[in-house]
Amino acid sequence: MLASTHIKLKYVLLLAIPLSVSAFTHLWNPIGFPYIVGDEGHYIRRPLHVLDQLDPQEGARYDHPYFGQLFFAAIFNIIGYPDSLNPEPGDVNSTQALYMVPRVIIGLLAVFDTFIIYKICERLYTKNKTIAFIGSILFAVMPLTWLTRRIYLDSIQLPLILLSILFAIYYYGYGSAQNSKGDGSIDRSAKGLRRSIDKRTILIILSGATLGLAIFTKIPALTMIPVAAYLILRSNRKYVRKMKALGLWFAPVILIPAIWPAYAISVGEYDNWYSGVFSQAERGGSGIGSIGVLFKIDPVLVSIGIIGLVFATVIRKDLFLLIWIIPFLVFHTIVPWTQHFHWIQILPVFCIAGALLIDGLASALAKKPRAR
């Protein structure tokens, strides 16, 4: 009994430390750092337009799908924003308060991201909770992850991407052990089998739905399809069941983002939608060359992330992180409009790869014989 309590307390402490640090780094001084940029005003105005006009489309420009403004609109409606702040036009304190509330919401999402990264590592690398701890700590404290402090669609999109991957990992790891009895024997009853199938179905639907919402927030989340599909196909199941699961998973991935063009068609603005999407994609930029900006912001995390990615792929023979990042790099090579904040989508890759590298080096040093 005491041993079990000790293990639980140790687990809670391991999880509480990165969450506490993340809460400090992502919620402290939300208005003072980083400085406010123009795009943040757009992503505050659009939810207010939704609440005022009950219409997700603002104007004739179709640049991004609707989940970002719908998400904020729902929260604003619950907390009574902005009326609850009693804003006064021209008052500096009122303006700061109007920006502070959305930034606090974004900061809370970053804390949630830290939690999901911990759980992803914990479930995927089950024999080593150190990787989960290091990965979540890196996300909590490294300067590059402070990009998530701004009110960007990418900051709203990231927890949805991580949740989709986490649910796929739960599905991937959901084997006969989850369907065992308390004495360790396998529950082969019809009830046990039905319960197992129901849980797997729920996990598949949740993974697909969260990725669908991520794409409905911003189109580049399409690049996350391969990594989640890889986890589903990697599961220990028969080929036919894998294909059925993949088909079930794809349904919400496709149908949820399809709401965006369907809405444009319903209001007779398909041409505006088509031209808006392609004009957004055709904007000039440096593509993946924008990683140079990331090096300037945080050379440590980028360096250990890249080295860790090579270590995970070559030494550990783990393709998970590689499949996560390669579609992103391909997409942003084809579509050159890439800013530094677009890399928010794969910040967890750098953190997890860095954790694998640090843990691998620590293990190697621990095994090295000491000189007498």
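The rules behind each value
Residue numbers restart at each chain and count upward from 1, following the sequence in its written direction. Given that this is a predicted model, residues contribute local features only at a pLDDT of at least 70 and side-chain atom pairs are listed and counted only at 80 or more, while totals for whole chains, interfaces and linings are drawn from all residues. The side-chain quantities take in all heavy atoms of the structure and omit both hydrogens and water. Put simply, DSSP H or I for four residues or longer makes a helix, DSSP E for two residues or longer makes a strand, and each gets a number counted from the N terminus. With C-alpha atoms as the basis for the radius of gyration, the globule rule is written as 2.2 Å multiplied by the number of residues raised to the power 0.38. Relative accessibility decides the category of a residue: with a 1.4 Å probe and only protein chains considered, values under 20% of the type maximum give buried, values over 50% give exposed, and everything between is partly exposed. Note that accessible areas follow from Shrake-Rupley with a 1.4 Å probe, and for residues the cover is restricted to the protein chains shown. When two rings of Phe, Tyr or Trp (its six-membered ring) have centres within 6.5 Å they constitute a pair, described as stacked for plane angles under 30 degrees, edge-to-face for angles over 60, and tilted for the intermediate range. Only when the NZ atom of a Lys or the CZ atom of an Arg is both within 6 Å of the ring centre and within 35 degrees of the ring normal do we say a charge sits over the ring. Residue-level confidence of the predictor is what pLDDT reports, using numbers from 0 through 100. We call two residues contacting when some pair of their heavy atoms lies within 4.5 Å. Between N-to-C directions, angles span 0 to 180 degrees; the directions come from axes that are lines fitted to C-alpha atoms, helices contributing only their stretch in contact. Convention used here: angles under 35 degrees read as roughly parallel, angles over 145 as roughly antiparallel, angles from 65 to 115 as roughly perpendicular, and any remaining angle as oblique. Here a crossing is taken to be left-handed if its near helix is turned anticlockwise relative to the far helix by less than a right angle, and right-handed if that turn runs clockwise. Polarity classes work like this: nonpolar for Ala, Val, Leu, Ile, Met, Phe, Trp, Tyr, Cys and Pro, charged for Asp, Glu, Lys and Arg, and polar for all others, with Gly in that last group. To estimate the expected span of a helix, subtract one from its residue number and multiply by 1.5 Å. Here, nonpolar core refers to any group of buried Ala, Val, Leu, Ile, Met, Phe, Trp, Tyr and Cys residues whose side-chain atoms link them within 4.5 Å.

**A closer look at the overall build of the protein**
When helices and strands are counted, the protein shows 15 helices and 0 strands. A globule of 372 residues ought to have a C-alpha radius of gyration of about 21 Å, and the protein, at 22 Å, matches this closely. Overall, the protein is about 70 × 55 × 45 Å in size when its C-alpha atoms are taken along their principal axes. Put simply, the protein has 372 residues, and 48% of those count as buried. Of the accessible surface of the protein, which amounts to about 18,400 Å², a share of 67% is contributed by carbon and sulfur atoms.

**As for the packing of aromatic side chains**
Per the counting criterion, the structure on display carries 18 aromatic pairs. Between Trp 249 and Phe 250, the ring centres sit 5.0 Å apart and the planes meet at 70°, which makes this aromatic pair edge-to-face. What links up through ring pairs into an aromatic cluster is the set Phe 67, Phe 71, Phe 72, Phe 76 and Tyr 81. Over the ring of Tyr 35 we find Arg 150, and its NZ or CZ is 4.6 Å from the ring centre.

**Examining the confidence of the model for the protein**
Looking at the protein, the pLDDT average stands at 88 and 91% of residues meet or exceed 70. Low pLDDT, under 50, characterises residues 176–187; the stretch is placed with 16 contacts to residues that sit more than four places away or in other chains.

**Regarding the side chain of His 332**
The topology assignment puts His 332 in helix 14 (residues 320–334). Overall, the relative accessible area of 3% leaves His 332 in the buried class. Apart from the residues lying within four places of it in its own chain, the contact partners of His 332 are Pro 220, Gly 287, Ile 288, Trp 337, Thr 338 and His 342.

**Thoughts on unusual backbone geometry**
Phe 33 connects to Pro 34 through a cis peptide bond whose omega is -15°. Within the secondary structure, Pro 34 is located in the loop between helix 1 (2–27) and helix 2 (38–53). In this chain, Tyr 81 is followed by Pro 82 through a cis amide linkage whose omega measures 5°. Of note in this structure, Leu 54 is not a glycine but carries a positive phi near 55°. Within the secondary structure layout, Leu 54 lies in the loop between helix 2 and helix 3 (67–79). Backbone geometry places Lys 317, a non-glycine residue, at a positive phi of 60°. Along the chain, the position of Lys 317 falls in the loop between helix 13 (299–315) and helix 14.

**Here's the deal with the packing of helix 4 (residues 92–124) against helix 6 (residues 153–173)**
Axis separation between helix 4 and helix 6 bottoms out at 9 Å; the angle between their running directions is 20°. Taken together, helix 4 and helix 6 sit at an angle that is classed as roughly parallel. Remark: the crossing between helix 4 and helix 6 carries left-handed chirality. Residues Ile 106, Leu 109, Phe 112, Asp 113, Ile 116, Ile 117, Lys 119, Ile 120, Arg 123 and Leu 124 of helix 4 form the contact with helix 6, whose participating residues are Ser 155, Ile 156, Leu 158, Pro 159, Leu 162, Leu 163, Ile 165, Leu 166, Ile 169, Tyr 170 and Tyr 172. The residue makeup of the contact of helix 4 with helix 6, split by class, is 17 nonpolar, 1 polar and 3 charged.

**Things to note about helix 13**
The terminal C-alpha atoms of helix 13, which comprises 17 residues, lie 23 Å apart, in line with the 24 Å expected from a rise of 1.5 Å per residue. Those residues of helix 13 lying buried are Leu 301, Val 302, Ile 304, Gly 305, Gly 308, Leu 309, Phe 311, Ala 312 and Thr 313. Each element contacted by the buried residues of helix 13 is listed here: helix 5 (129–141), helix 12 (291–297), helix 14 and helix 15 (347–367). Backbone geometry just downstream of helix 13 places Lys 317 in the positive-phi region, at approximately 60°.

**Description of the nonpolar core**
Core analysis: the biggest nonpolar cluster contains 93 residues, and Ile 120, Ile 165, Trp 249, Phe 320, Leu 321, Trp 324 and Ile 352 have the highest contact counts within it. Element by element, the count of residues in this core is highest for helix 6, at 13 residues. Non-local contacts of Ile 165, meaning those with residues more than four positions away in its chain, are made with Ile 120, Val 227, Leu 231, Phe 320 and Trp 324.

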